[in-house]
Amino acid sequence: MSTFYYAVDNAGDCLYENFPSNLKAIIHAYNDNFEPFEVTWNGQRQFCRLGKKTTSEGSVFTLTFEDKFLRRFKLFRELVQASTLPLASIVKLKTDTLLAQVSITEELIHNLTSLNSYNIQDLFALIPQKILAQNFNKQEEAVRKIIEEQPNVTSATLLKLIKSNLAMKVEFSVFERTQRPNAFVQKMPHSIRDLVLSILQIFIEDFEKKGIQVYVNYDDVSQKRIDLDYDSIFVSLFYLLENAVKYCCRGTDFRIIFEEQGDTFYILFKMISIRIEPNEVNKLTSQGYRSVAAKKVNEEGKGLGMYRITKTLSLNNAEIEIFPRINSYKEIRDGITYEGNMFKIKFKDQKTWFRK
Amino acid sequence: MIKDALTSTAAFLISLVGLIVGIAWAIDSRWEWEPILVLLISLAELLIFAFHKANREEETNKPTESQNGVAPDKIKAEASVQSDISTAEDVTVKHRDSVLDMMKLRYHILFIDDDRKFNVVKILRDTGWKHTKTIPDIKSLDIELVKRTDVFFVDINGVGKLLSLEYEGLDLALMLKQRYADKKVVIYSANKNFNSFHEAWDECDYKLEKNALPYQFQNLVEEYSIQKFIDSK
């Protein structure tokens, strides 16, 4: 190849280029006369032509060593004219990508800012800034006094801090795993029950507040060690349990059961939660989709939880199956229908994962 | 022989009968010296029997210690664990706890990190990993501390300066892995995309984010220590 292009946008930023590295500087000496001139290329002194065409999207420099373009000015001028044809599409692609990236980053910043504000508010609700300011020489003593006087509020605040800090970790993990190409996955054996408990403990207080009794099976299957990428499964289970807290019926039971069938391992989440319409089963994991009942419970929400569960589970070669109405239980509270539902995480074809 | 006869159950029964008969005879004879003699002999035999029995029970309950101060029961349990395990698959839930208890006293963990606020070291120590240490940087790969370490946790930022390493922790992790191939090297960082083409990312044993949960560090140490236990057999 002996014809090269160097495209820049209106701000002068490079859009694409394949100029020889030693000849990039010649665009700064461009004089618009299209006349052949001599440069060193591939270790030899050779003649070339340099042209430029500018449109509303930017400019493209064309450099050629091809004999036909050196000999015929008309052909070279046509080559330069044609060089800007893909420019509009490339500028649009760049703008769209940039906007999408900005939107993703803004969402990350928004979520992190919200969680950070919860942390700040929770902490200063327990330990007022004024008290710290008034006791700046004996802050530890002042804080100790508050803890002694309000042990229950202190424990509740600490638990909230644990949850929001881990939620921040989830935000980072989601960003890493769903927005970056070539998500970084490393598997390591984990006791499946210990792993589930390490995430479930974050939500226990929330379940208690709703009077939901949580049961986690303890048997031989629950003792299995499974190779998993912890950060990915952490995000999957975090969203699943967060949804369970939001959408389970008050005063009911929430059961986590481990099963093994052939070369597949399952974690079953059985609960009494908002009704899932038959036509919603396949839509629940779509990005942005929110069920009819979910909208009734909570108007906010972007329909991202189930989508992210699916996406992060796939990094562990796992998938989620939804089984509505696993029993005949039905209850209507405040106009919302609750039924027995099951969410089943299926770790596929992983016989070699299992340990005794 | 005489001791066995005196401490036998038959002697105990005879002396019991002697005591009862002696009391009855003494009352009947208005405390003549012959029944009193029978009474004293029977009483002496009963005391010998009771004293011997109490001694034997005490000996049974007392833990006998071996020369190195470790209870034989523990040695037996340890030996049983050691002989049963030859592959990772053999580390059952029951064995796992025993092996981990043992390895917590033997496995050496070293964090190389200039961040003094990083608390995982304390958390590991608090969970029983006795030989967990942290240093801000290392001057040489040949120091004793490095030689006896089983797993290194290397922060990729702010270390390797004493060795003038261009890519800081990444260079240091790579050097440690190349020098001590049988030791585990884990790199952790707040930025996983830092010099993503550096060889250390592929050569090291594991990569962790700096905001990994203590559980993740603990699980990693447990896995590697069990691996070392199996390899050492």
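All figures in this text were calculated on a predicted structure; none of them were measured in a lab.

Thresholds, definitions, all that
Residues numbered from 1 in each chain as written. Chains lettered and ligands numbered in written order. Predicted model: local features only at pLDDT ≥ 70, side-chain atom pairs only at ≥ 80, totals over all residues. Helix = DSSP H or I, 4+ residues; strand = E, 2+ residues; numbered from the N terminus. Contact = placed C-beta atoms within 7 Å. Buried ≥ 20, exposed ≤ 12 C-beta atoms within 10 Å, placed from the backbone. Axes fitted to C-alpha atoms, helices over the stretch in contact; angles between N-to-C directions. Left-handed = near helix turned anticlockwise from the far one by under 90°. Nonpolar A, V, L, I, M, F, W, Y, C, P; charged D, E, K, R; others polar. Expected span 1.5 Å × (residues − 1). Core = buried A, V, L, I, M, F, W, Y, C linked by C-beta atoms within 7 Å. Parallel < 35°, antiparallel > 145°, perpendicular 65-115°, else oblique. Pairing = 2+ DSSP bridges. pLDDT = per-residue confidence, 0-100. Right-handed = clockwise from strand over helix to strand, strands pointing away.

Draft legend 1. Just the overall build of chain B, in detail. Across its full length, chain B holds ten helices and five strands. Taking all contacts inside chain B whose residues are at least 6 apart in sequence as the whole, residues at least 24 apart take part in 53%.

Draft legend 2. Quick peek at the overall build of chain A. In terms of regular secondary structure, chain A is built from eleven helices and 13 strands. For chain A, with 356 residues in total, the buried portion stands at 24%. Partitioning the contacts of chain A with sequence separation of at least 6, the portion at a separation of at least 24 is 65%.

Draft legend 3. Focus on the packing of helix 6 (residues 151-179) of chain A against helix 9 (residues 230-247) of chain A. Residue and element names in this part refer to chain A. At their nearest, the axes of helix 6 and helix 9 sit 10 Å apart, and the two run at 115° to each other. Viewed along their axes, helix 6 and helix 9 form a crossing whose handedness is left-handed. The residues of helix 9 that touch helix 6, namely those facing Val170, Ser173, Val174 and Arg177, are Asp231, Ser232, Phe234, Val235 and Phe238. Of the residues belonging to the contact of helix 6 with helix 9, the class tally is five nonpolar, two polar and two charged.

Draft legend 4. How the structure looks around helix 8 (residues 168-179) of chain B. Residues and elements named next belong to chain B. Between its terminal C-alpha atoms helix 8 stretches 17 Å, which fits the 16 Å expected from twelve residues at 1.5 Å a residue. Among the twelve residues that make up helix 8, nine are buried, leaving the element largely enclosed by the rest of the structure. Taken as a whole, helix 8 has its buried residues at Glu168, Gly169, Leu170, Asp171, Leu172, Ala173, Leu174, Leu176 and Lys177. On its buried side, helix 8 packs onto strand 1 (108-112), strand 3 (151-155), strand 4 (184-189) and helix 9 (200-203).

Draft legend 5. Spotlight on the nonpolar core. Counting 43 residues, the largest nonpolar core has Phe234(A), Leu237(A), Phe238(A), Leu240(A), Ala244(A) and Cys248(A) as its most contacted members. Looking at this core, the elements that each hand over two or more residues are helix 6, helix 7 (192-200), strand 8 (225-228), helix 9, strand 9 (253-261), strand 10 (264-274), helix 11 (305-314) and strand 13 (336-347) of chain A. Per element, the largest residue contribution to this core is eleven residues, and it comes from helix 9 of chain A. Among the nonpolar cores identified, the runner-up in size contains 36 residues, and Ile109(B), Ile112(B), Tyr188(B) and Ile226(B) belong to it.

Draft legend 6. Here's a closer look at the packing of helix 7 of chain A against helix 9 of chain A. Residues and elements named next belong to chain A. In the contact formed by helix 7 and helix 9, the axes pass within 10 Å of each other and the chain directions differ by 55°. It follows that helix 7 is oblique to helix 9 by the angle criterion. As helix 7 runs across helix 9, the sense of the crossing is right-handed. In contact with Leu195, Val196, Ile199 and Leu200 of helix 7, helix 9 contributes Ile233, Phe234, Leu237, Phe238 and Leu241. Each residue belonging to the contact of helix 7 with helix 9 can be placed in one class, and the counts come to nine nonpolar, no polar and no charged.

Draft legend 7. Focus on the sheet that holds strand 3 of chain B. Residues and elements named next belong to chain B. In space, the five strands of this open sheet follow the order 2-1-3-4-5, with parallel pairing throughout. A strand with exactly one partner marks an edge of an open sheet, and here the two such strands are strand 2 (131-135) and strand 5 (206-209). Shown here is a sheet whose adjacent strand axes are inclined to one another by a mean of 20°, direction ignored. Where strand 1 meets strand 3, four bridges bridge the pair, whose relative direction is parallel.

Draft legend 8. Up close: the sheet that holds strand 1 (residues 3-9) of chain A. Residue and element names in this part refer to chain A. Strand order in the open sheet formed by five strands is 2-1-5-4-3, with antiparallel pairing between adjacent strands. The strands lining the two open edges of the sheet, one partner per strand, are strand 2 (14-17) and strand 3 (37-41). Mean inter-strand twist for the sheet, computed between neighbouring axes without regard to direction, equals 30°. The pairing of strand 1 with strand 5 (residues 58-64) spans seven bridges and is antiparallel. In the sheet register, phenylalanine 4 faces strand 5, and the bridge partner there is leucine 63.

Draft legend 9. Summary view of the confidence of the model for chain B. Of the residues in chain B, 81% have a pLDDT of 70 or more, and the chain-wide mean is 81. Long-range and interchain partners of residues 60-81 of chain B, a stretch whose pLDDT sits below 50, account for eleven contacts in this model, where long-range means more than four residues apart.

Draft legend 10. Region of the structure containing helix 3 (residues 87-126) of chain A. Helix length check: helix 3 of chain A, at 40 residues, gives a terminal C-alpha distance of 58 Å against a target of 58 Å (1.5 Å per residue), a fit within 8%. Across the 40 residues of helix 3 of chain A, one count as buried, placing the element largely on the outside.

Draft legend 11. Up close: the pairing of strand 2 of chain B. Residues and elements named next belong to chain B. Bridge count between strand 1 and strand 2: five bridges; the pairing is parallel. Bridging across to strand 2, histidine 108 finds its partner in histidine 131. Each parallel crossover has a hand, and the one from strand 1 via helix 6 (residues 120-126) to strand 2 is right-handed.

Draft legend 12. Representation of the environment of Ala50(B) within the structure. Relative to the assigned elements, Ala50(B) resides in helix 3 (residues 33-61). Considered as a pair, Ala50(B) and Phe12(B) are 38 residues apart in the sequence and their alpha carbons are 9.0 Å apart.

Draft legend 13. Highlighting unusual backbone geometry. Its identity as a non-glycine residue notwithstanding, Arg325(A) has a phi of 55°, on the positive side. Its location among the elements puts Arg325(A) in the loop between strand 11 (318-323) and strand 12 (330-333). The class of Arg325(A) is partly exposed, set by 14 C-beta atoms lying within 10 Å. Non-glycine residue Glu168(B) carries a positive phi angle of around 45°. Examined against the element boundaries, Glu168(B) turns out to sit in helix 8. Judged by C-beta crowding, with 21 C-beta atoms within 10 Å, Glu168(B) ranks as buried.

Draft legend 14. Examining the confidence of the model for chain A more closely. Mean pLDDT over chain A works out to 89, with 97% of the residues at or above the 70 mark. Mean pLDDT across the secondary structure elements of chain A bottoms out at helix 10 (residues 292-297) of chain A, with 85, and peaks at strand 7 (residues 213-216) of chain A, with 96.

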